[in-house]
Amino acid sequence: MKLLLKGGNIIDPAQNFNQIADILIENGLISQIGENLSAAGVEVFDARGLVIAPGFVDMHVHLREPGLEAKEDIASGTKAAAAGGFTTIACMPNTKPTVDQAILVSGILHRAQAEGIVNVKVIGALSKGQQGKELAEIGDMILSGAVAISDDGSSLDNNRLFKTGLEYTSMFGCPVISHAEDELLVDEGVMHEGAVSAMLGMKGRPSVAEDIAVNRDIMLAEYTNSFLHIAHVSSKGAVELIRQAKKRGVKVTAEVTPHHLTLTDEAVKTFNTATKVNPPLRSSDHVAALLEGLKDGTIDAIATDHAPHAFEEKDVEFKQAPPGFAGLETALGVVLTGLYHTGKFTLFEIVQRMSTAPASILGIEAGGLKIGMPADIVIIDTDLDWTVDSTTFYTKGKHTPFDKKILKGKAIATLVSGKFVMREGKVCI
Ligand code: NCD
């Protein structure tokens, strides 16, 4: 089986490549990249005017399987990923039961082979049941294929356990991914603590809760010389702490979401539960610091924190609604509209942060277009104007703060191992 992608602007940060060329795919692998390629018996895809990049890697996705399939499952979540241009996603362990044992890691990987239409990687829990009392089967889970360890969804405030978890996970060359929010400080807060929360009379989650947790995480990673990754960074204090830690040589990496890069707590004034997320949408000074941190390399990657919930769960009063919303199908459009079309980031920088960097943090063979690699590819129309319509989403999570927004730029085709899984915006497998 051969496929020739002709005349696209190929961007591969892994090889520092950025030029108009052709890609020949044979038997699911990238076999040649160059100008004026041709081959006998080949399907040709005209990519003129389009961008061809390594498929996006989302290192922060809630697939909700096992146990929470009313919110999402592997089939619906991977379809949403394909629609958004993602070819590899890593799923978080806050499911029912929690993914805290090797058998659950193997189970998800097994089901993903049958049900998933993009590559699925598994992140195992740090503590049993994510209860913060004793460590999970970290070693066994990694040996069964887990690529990272995390109690995402909650902060692990027990310093002793976090220290041991870091040391143990690091022995296997994997990062601990930290959801860094001091639990006692965030308390029952439902949005960013500041002028808007005061005006709305809502209990806030102070940014200092994130700063304190990130500081603790970095201190323990530095002390134990372990790999640490900070999930969904949202405070300017956290950005500065990570920047200084990197300067000292601490093995810390970080991610930021499209929503934290483009929205502020002003969005909560609508009381729309689609704006409720943890950590919360913060004020514009925090957003500016996140953009600066992503630009200068303090923050390595963009990750969606795709956190779908059933419609009726979110269709309640703001205080009662669970935090989180769907992110896979809007991520690229939001990033291109907010970061590229405003001149803040180049396409090359965006692809580096959405494909190459997350693959490298997870230590997986993805995020590049080297000869011999699986042809996991996204084809992008950077100028396509489209209106977000959550009713047409593949994900079961129909809430998004970007609903009805007009975005510029979209993935128009996604290939996994050389096969189209999405074409012209439609999942085709
Ligand atoms: C996530 C979820 O729903 O699992 N919610 C969220 O608001 N981000 C948990 C998380 O990633 O923190």
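Structural data are supplied above this passage.
Note that the structure is predicted; figures quoted are calculated from it, not measured.

### What to know about the overall build of the protein chain
Check the secondary structure of the protein chain and you find 13 helices and 19 strands. The globule rule puts the C-alpha radius of gyration for 429 residues at 22 Å, and the 20 Å found for the protein chain is close to it. Each principal axis of the C-alpha distribution contributes one length, and for the protein chain these read about 65 × 45 × 45 Å. Here the protein chain holds 429 residues, and the buried ones make up 61% of them. A sequence separation of at least 24 residues applies to 74% of the contacts in the protein chain between residues at least 6 apart. Charged side chains of the protein chain number 40 positive and 53 negative; the gap between the two group centres comes to 1 Å.

### Observations regarding the nonpolar core
Formed by 78 residues in total, the largest nonpolar core has its most connected members in Ile89, Val233, Leu339 and Met354. Among the domains, domain 1 (2–52 + 374–427) and domain 2 (55–362) are the pair contributing at least three residues each to this core. Core analysis: the second largest hydrophobic core is formed by 19 residues, Ile52, Ile379, Ile412 and Phe420 among them.

### Describing the sheet that holds strand β15 (residues 301–302)
Backbone-to-backbone hydrogen bonds pair the strands of a sheet. The strands run either parallel or antiparallel. In space, the eight strands of this open sheet follow the order β6-β7-β8-β9-β10-β13-β14-β15, with parallel pairing throughout. Edge positions in the sheet fall to β6 (56–61) and β15, since each has one partner strand and no second. Most of the contacts of helix α13 (residues 347–362) go to β6, to which it runs at about 60 degrees, and overall it touches β6, β7 (86–91), β9 (148–150), β13 (228–230), β14 (252–256) and β15.

### Some details on the state of the cysteines
In the structure shown here, the tally under the stated rule is zero disulfides. Left unpaired, Cys91 is separated from the closest cysteine sulfur, that of Cys174, by 14 Å.

### Quick look at the environment of Gly129
Looking at the secondary structure, you find Gly129 in the loop between β8 (119–124) and α3 (138–143). Taking relative accessible area as the criterion, Gly129 reaches 24% and is therefore assigned partly exposed. Spatially, the C-alpha atoms of Gly129 and Leu384 are 44 Å apart, while their sequence positions differ by 255 residues. Ignoring any residue separated from it by four or fewer positions in sequence, one finds Gly129 in contact with Thr98 and Asp100.

### Quick notes on the site of the ligand
Every one of the 15 residues lining the ligand counts as a neighbour, but Arg64, Asn94, Asp152, His179 and Asp305 are closest to it. Between His62 and the ligand, the recorded distance is 3.0 Å, taken from a side-chain N or O atom to an oxygen atom. Within the side chain of Arg64, a nitrogen or oxygen atom sits 2.9 Å from an oxygen atom of the ligand. Taken atom by atom, the bulk of the ligand overlaps the largest pocket. Here the shell around the ligand is built from residues that sort into three nonpolar, nine polar and three charged.

### Structural notes on the side chain of Thr98
Mapped onto the secondary structure, Thr98 falls in the loop between β7 and α2 (102–115). Residue Thr98 is classed as buried on the basis of its relative accessible area, which comes to 12%. Leaving out residues up to four positions away in the same chain, Thr98 has contacts with Pro93, Leu104, Ala125, Gly129 and Gln130.

### Some remarks on the pattern of salt bridges
Enumeration over the complete set of coordinates arrives at 23 salt bridges. Salt-bridge contacts for Arg216 lead to Asp217; the nearest nitrogen and oxygen are separated by 2.9 Å. For the pair shown, Arg216 and Asp217 are each scored as buried. Taken together, the shared-partner salt bridges connect Glu65, Arg111 and Glu115 into one network.

### A word on the packing of aromatic side chains
According to the stated counting rule, one finds three aromatic pairs in the structure shown. Taking 5.6 Å as the distance between ring centres and 35 degrees as the angle between the ring planes, the aromatic pair formed by Phe45 and Phe420 counts as tilted. Of this pair, Phe45 sits in strand β4 (residues 43–46) while Phe420 sits in strand β18 (residues 419–423), placing them 375 residues apart in sequence. Classification of Phe45 by relative accessible area gives buried; the value is 10%. Its guanidinium or amino end placed over the ring of Trp386, Lys410 lies 4.6 Å from that ring's centre, counting from NZ or CZ. Sitting over the ring of Phe420, Arg423 keeps its end group 4.0 Å from the ring centre.

### Some details on the pairing of strand β1 (residues 2–12)
When a strand is regular, its side chains alternate between the sheet's two faces. With eight of eleven residues buried, β1 is to be regarded as a mostly interior element. Of the pairings in the sheet, the one linking β1 to strand β2 (residues 17–26) comprises nine bridges and is antiparallel in character. Looking across to β2, one finds that Leu5 is bridged to Ile23. From the end of β1 to the start of β2, which pair antiparallel, there are four residues, and Asn16 there has a positive phi angle of about 50 degrees. As judged from the four bridges shared by β1 and β4, these two strands associate in the parallel manner. Bridge pairing in β4 places Leu4 opposite Val44.

Reading guide: rules and limits
- Residues numbered from 1 in each chain as written.
- Predicted model: local features only at pLDDT ≥ 70, side-chain atom pairs only at ≥ 80, totals over all residues.
- Heavy atoms only, no water.
- Helix = DSSP H or I, 4+ residues; strand = E, 2+ residues; numbered from the N terminus.
- Rg over C-alpha atoms; globule rule 2.2 N^0.38 Å.
- Buried < 20%, exposed > 50% of the residue type's maximum accessible area, 1.4 Å probe, protein only.
- Contact = heavy atoms within 4.5 Å.
- Lys, Arg positive; Asp, Glu negative; His and termini not counted.
- Charge placed at Lys NZ, Arg CZ, Asp CG, Glu CD.
- Core = buried A, V, L, I, M, F, W, Y, C linked by side-chain atoms within 4.5 Å.
- Domains from an automatic or database assignment.
- Pairing = 2+ DSSP bridges.
- Axes fitted to C-alpha atoms, helices over the stretch in contact; angles between N-to-C directions.
- Disulfide = S-S within 2.5 Å.
- Near = heavy atom within 4 Å.
- Polar contact = N/O pair within 3.5 Å; in protein donor to acceptor, adjacent residues only side chain to side chain.
- 1 Å grid on protein atoms, 1.4 Å probe; cavity = no way out; pocket = protein on both sides within 12 Å on 5 of 7 lines; lining within 4 Å.
- Sits in = over half its atoms within 2 Å of the grid points.
- Nonpolar A, V, L, I, M, F, W, Y, C, P; charged D, E, K, R; others polar.
- Salt bridge = Lys/Arg side-chain N within 4 Å of Asp/Glu carboxyl O.
- Phe/Tyr/Trp six-rings, centres within 6.5 Å; stacked < 30°, edge-to-face > 60°.
- Lys NZ or Arg CZ within 6 Å of the ring centre and 35° of its normal.

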